[in-house]
Amino acid sequence: MSSLYRLALSIALLVSGCSDPSLHPHADGDAKRGQALLQQYGCSGCHRIPGVRAATGIIGPSLDRLGRRV
């Protein structure tokens, strides 16, 4: 078995375990802080962010349901 194949398999197994929501603690958000950070880092220039009117970027992926993905 090649080392590249083993590496790819290991990464796939690790990533598949990350999708289990029970492994991640529930985080209460701070919407005002989130909005300030979006503006500070200019996220809307590249990303589409549902609920943020000016966030209509098309270069980066949508940040829809980001909290559930991380």
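First, a word on scope: everything that follows refers to the structure included in this document.

Calculation criteria
- Residues numbered from 1 in each chain as written.
- Predicted model: local features only at pLDDT ≥ 70, side-chain atom pairs only at ≥ 80, totals over all residues.
- Heavy atoms only, no water.
- Helix = DSSP H or I, 4+ residues; strand = E, 2+ residues; numbered from the N terminus.
- Buried < 20%, exposed > 50% of the residue type's maximum accessible area, 1.4 Å probe, protein only.
- Contact = heavy atoms within 4.5 Å.
- Disulfide = S-S within 2.5 Å.

A closer look at the overall build of the protein
Scanning the protein from N- to C-terminus turns up three helices and zero strands. Listing each helix as α and each strand as β along the protein from the N terminus yields α-α-α. Here the protein holds 70 residues, and the buried ones make up 10% of them. Across the protein, the fraction of contacts at a sequence separation of at least 24, relative to all contacts at a separation of at least 6, is 3%.

Some words on the state of the cysteines
One pass over the full model with this rule turns up zero disulfides. Unpaired in terms of disulfides, Cys-43 finds its nearest cysteine sulfur in Cys-46, a separation of 8.7 Å. The exposure class assigned to Cys-46 is partly exposed, which follows from its relative accessible area of 34%.

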